[in-house]
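Observations on the model geometry
Given next are the chains, with one letter for each unit.
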Amino acid sequence: MARAVQSIEHVVVLAFENRSFDHLLGFLKSADYDIDGLTGSEFNLQQPSDPTSTRITVSNDAPTGPDLSPTPNHDVRDVTVQLFGQPAVPAVVDKHNNGFVFDYAQLTGNAGPPSHRVMRCHNPANLPVLTTLAQEFALCDRWHSSVPGPTWPNRFFLHAATSGGFVDNNPRDYTMRTIYENLQDNGRSWKIYFHDMPQTLALANLRTSLAHFALFDDAFADDCAAGRLANYTFIEPRYFDFLWLLANDQHPPHGVLPGELLLADVYEHLRASPLWEKTVLVVTWDEHGGTYDHVLPPAAVNPD
């Protein structure tokens, strides 16, 4: 293992949006794949405080096309409700991950079937690219988001190991030092490939390094084929539908299939590259986005 790690010269990170582990891969759990996934008996009560209320059990019939409209809320308050069934962390945690349906019902305004959709998870057979990679390579089933909240703070943690103390998506001048300055200071190269709007440009220090940015469709395949990948590569998906170009970030209500195609493209280009034997690909999602998961994140020290 030590020799394998020492041989790595290129790290590629592809970060999708707003899907939990159980939502995408929980039903991969089986006798052959001993992961911390789903048994199929996990459930939420319609009203977490009422043990007699309707029980909504997980299912493996999540659609691959556009789904979950409106997108579930996932700011800090909503995530707290999703995890504990109430907007405050209880003194004694005897029940958890029990408020997903209840929180979504507040958004949909309907305590019936529309709110039950957050319990629908994917059949692994409907996600052939992700499922195959999970079966053939390493799979992390306890990799939690850094912040129990939305996109921007979690993406900032990916780049800077901090969100600057902020837990929302509000535009600001974010001045945190990032991994990219650390790489440059240590003689390492980096590049960010994007599709429409690089969220990384919310980081003030990166706006002076535009030469390190490139459109994914224009440059990634060529750079892989020519063996000129940077030491560290970060790939941003397409966040918005534009004309015939579909968002491939997997952020609800966007469907998951365009993201599957992006993942396949990234993998195949890397696999065909002369740098394949020296490269590690990390595929992750910035946060759970309000979709069901059964695992309670562990306690963590507030880094800010």
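Now for a look at the structure at hand.

What counts as what
- Here the residue numbers are simple positions, counted from 1 along each chain's written sequence.
- In keeping with the predicted nature of the model, local features appear solely for residues at pLDDT of at least 70, side-chain atom pairs appear and are counted solely at 80 or more, and the whole-chain, interface and lining totals rest on all residues.
- To obtain the side-chain values, all non-hydrogen atoms of the structure were included, while hydrogens and water were left out.
- Among buried residues, the Ala, Val, Leu, Ile, Met, Phe, Trp, Tyr and Cys ones that are joined through side-chain atoms within 4.5 Å form a nonpolar core.
- For each residue, the accessible area found with a 1.4 Å probe, counting protein chains only, is set against the maximum for its type, and the residue is called buried under 20%, exposed over 50%, and partly exposed in between.
- A helix here means a DSSP run of H or I that spans at least four residues, while a strand means a run of E at least two residues long, and both kinds are numbered starting from the N terminus.
- Just to be clear on terms, a salt bridge is a Lys or Arg side-chain nitrogen sitting within 4 Å of an Asp or Glu carboxyl oxygen.
- What qualifies as a polar contact is a pair of N or O atoms within 3.5 Å, subject to a donor-acceptor requirement within protein and to the restriction that residues adjacent in sequence count only when both atoms come from side chains.
- Throughout, a residue-residue contact means that at least one pair of heavy atoms, one from each residue, lies within 4.5 Å.
- The length a helix should cover is 1.5 Å for every residue beyond the first.
- Note: two strands are recorded as paired if DSSP finds a minimum of 2 bridges between them.
- Fitting a line to C-alpha atoms yields each axis, with helices limited to the stretch in contact; the angle taken between N-to-C directions then spans 0 to 180 degrees.

To continue, consider the nonpolar core. Counting residues in each nonpolar core, the largest one holds 28 residues, and the members touching the most others are Phe-220, Leu-229 and Val-266. Sorting the residues of this core by element identifies strand S1 (10-16), helix H2 (21-25), helix H6 (128-136), helix H9 (216-226) and helix H10 (257-272) as the ones contributing at least two each. In terms of residues, this core owes the most to one element, H10, which gives 5 residues. Phe-194, Ala-202, Leu-203 and Phe-213 belong to the second largest nonpolar core, which has 18 residues in total.

Tallying each qualifying case throughout the model produces 11 salt bridges. Here Asp-36 and Arg-142 are joined by a salt bridge, their closest N and O atoms 2.7 Å apart. Remark: Arg-142 occurs in the loop between H6 and helix H7 (151-160) and Asp-36 occurs in the loop between H2 and strand S2 (43-45); sequence separation between them is 106 residues. Residue Asp-36 is classed as partly exposed on the basis of its relative accessible area of 23%. Judged by its relative accessible area of 52%, Arg-142 falls in the exposed class. One salt bridge connects Arg-155 with Asp-286, and the closest N-O pair in it is separated by 3.3 Å.

Within the secondary structure layout, Thr-162 lies in the loop between H7 and helix H8 (179-185). Assessed through its relative accessible area of 14%, Thr-162 is described here as buried. Engagement of the side chain of Thr-162 in a polar contact is seen with the backbone nitrogen of Gly-164, the distance being 3.0 Å. Among all residues touching Thr-162, those that are not within four sequence positions of it are Phe-156, Phe-157, Met-176 and Asp-304.

Taking 1.5 Å of rise per residue, the 16 residues of H10 would be expected to cover 22 Å, and the 23 Å separating its terminal C-alpha atoms lies within 8% of that figure. All of the buried residues in H10 are Pro-258, Gly-259, Glu-260, Leu-262, Leu-263, Val-266, Tyr-267 and Leu-270.

To continue, consider the environment of Ala-221. Looking at the secondary structure, you find Ala-221 in helix H9. Using a relative accessible area of 29% as the deciding quantity, one classes Ala-221 as partly exposed.

Let's shift gears to the sheet that holds S1. Ordered in space as S5-S4-S6-S1-S7, the 5 strands form an open sheet in which the pairing is parallel. Edge strands, defined here as strands with exactly one partner in the open sheet, are strand S5 (213-215) and strand S7 (279-285). The sheet shows a mean angle of 20 degrees between the axes of neighbouring strands, direction not considered. Strand direction decides the pairing type here: strand S4 (residues 190-194) and S5, joined by 3 bridges, are parallel.

The next thing to look at is the pairing of S1. Buried residues dominate S1, accounting for 6 of its 7 residues. Here 4 bridges tie S1 to strand S6 (residues 232-235), and the two strands are oriented parallel to one another. By the bridge assignment for S6, Val-13 is matched with Phe-234.

Of all 10 residues that make up H7, 9 are buried, and the element is covered over most of its length. Within H7, the full set of buried residues consists of Thr-151, Trp-152, Pro-153, Asn-154, Arg-155, Phe-156, Phe-157, His-159 and Ala-160. In this structure, the buried side of H7 is in contact with S1, H8 and S6. Phi turns positive one or two residues past the end of H7, at Ala-161, with a value near 60 degrees.

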